[in-house]
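# An overview of the molecular structure
Now for the letters of each chain:
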Amino acid sequence: MGILTNIVAAEEDEYAAIGESLRPVDEWSGIERRGIDTAKIATLHCLLTGDEFEEAVGSYEPVYVADEGAVVLRIADEVMERLATLDEEALELVAEELAATEEYEMEQWDAADVQAMVFELGDLARLAESQGQVLFVWMHPLLT
């Protein structure tokens, strides 16, 4: 089993529509990756905020669970704000630290892929902020 993940910018009240979507990135601005789970989101949260992992994981309870298995999480406001305000150099440092974490190393993520993802998240956070939106994470289990 793997996970297909879409991270999208949307209005705060659109979480149910995102959860029912078969591919949210077709309907909202966002990025798509495989293998991003709650632990990876919480790890990014920790790097950006300094929070402890257990505290960060607690911030990511599902806001919606679809009948077909999709789960929707809402990225914490402070994480989105940090992603939106960090410059390229700072995002690069975050990506380097993220790639070196256990969650990413265990699954042998390429550092360049992690960096590309972090840069795309920064762009998405800036877009969401400029439009008064929030970031949601749509995760769907896949048979691989």
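The structure reproduced in this document is the subject of the present report. (Residues numbered from 1 in each chain as written. Predicted model: local features only at pLDDT ≥ 70, side-chain atom pairs only at ≥ 80, totals over all residues. Heavy atoms only, no water.)

### Observations regarding the pattern of salt bridges
Per the counting criterion, the structure on display carries eight salt bridges. Across the pair K40 and D37 runs a salt bridge, and its minimum N-O distance is 3.8 Å. By relative accessible area, which is 22% here, D37 ends up partly exposed. Within this structure, E12, R74 and D77 form a network of salt bridges that share partners. (Salt bridge = Lys/Arg side-chain N within 4 Å of Asp/Glu carboxyl O. Buried < 20%, exposed > 50% of the residue type's maximum accessible area, 1.4 Å probe, protein only.)

### Structural notes on the side chain of S21
Topologically, S21 is positioned in the loop between helix 1 (15-20) and strand 2 (30-34). A polar atom in the side chain of S21 sits 3.2 Å from the backbone nitrogen of R23. Setting aside residues up to four positions removed in sequence, S21 forms contacts with E27, W28 and W138. (Helix = DSSP H or I, 4+ residues; strand = E, 2+ residues; numbered from the N terminus. Polar contact = N/O pair within 3.5 Å; in protein donor to acceptor, adjacent residues only side chain to side chain. Contact = heavy atoms within 4.5 Å.)

### A word on the packing of helix 2 (residues 38-49) against helix 4 (residues 77-85)
Look at helix 2 against helix 4: their axes get within 10 Å of each other, and the N-to-C directions meet at 65°. Our classification of the angle between helix 2 and helix 4 gives roughly perpendicular. The handedness of the crossing between helix 2 and helix 4 is left-handed. Every residue of helix 4 that contacts helix 2 at H45, L48 and T49 is listed here: E78, V79, R82 and L83. (Axes fitted to C-alpha atoms, helices over the stretch in contact; angles between N-to-C directions. Parallel < 35°, antiparallel > 145°, perpendicular 65-115°, else oblique. Left-handed = near helix turned anticlockwise from the far one by under 90°.)

### Digging into the pairing of strand 5 (residues 134-142)
Examined bridge by bridge, strand 1 (residues 2-10) and strand 5 share nine bridges and lie antiparallel to one another. Across the sheet, residue G2 finds its bridge partner in strand 5, namely L142. (Pairing = 2+ DSSP bridges.)

### Topic: the sheet that holds strand 5
Strands sit in the order 2-1-5-4-3 across an open sheet of five strands; the sheet is antiparallel. Looking at which strands have only one partner, the edges of the open sheet turn out to be strand 2 and strand 3 (64-65). Bridging between strand 4 (residues 71-74) and strand 5 involves four bridges; their strand directions are antiparallel. Looking at the pairing, V71 lines up with M139 of strand 5. Helix-sheet contacts for helix 7 (residues 111-130) involve strand 1, strand 2 and strand 5, and the interaxial angle to strand 2 is about 150°.

### Some thoughts on the environment of S59
The residue S59 is located in the loop between helix 3 (53-58) and strand 3 in this model. Taking the C-alpha atoms as reference points, S59 and T43, separated by 16 residues in sequence, lie 12 Å from one another. There is a polar contact of 3.4 Å between the side chain of S59 and the backbone oxygen of E55.

### Some thoughts on the packing of aromatic side chains
As enumerated under the stated definition, the model contains two aromatic pairs in all. Between Y104 and W109, the aromatic rings sit 5.0 Å apart at their centres with planes inclined by 80°, giving edge-to-face as the arrangement. Residue classification places Y104 among the buried positions, given a relative accessible area of 2%. The ring of Y104 carries the charged tip of K40 above its face, separated from the ring centre by 5.8 Å. (Phe/Tyr/Trp six-rings, centres within 6.5 Å; stacked < 30°, edge-to-face > 60°. Lys NZ or Arg CZ within 6 Å of the ring centre and 35° of its normal.)

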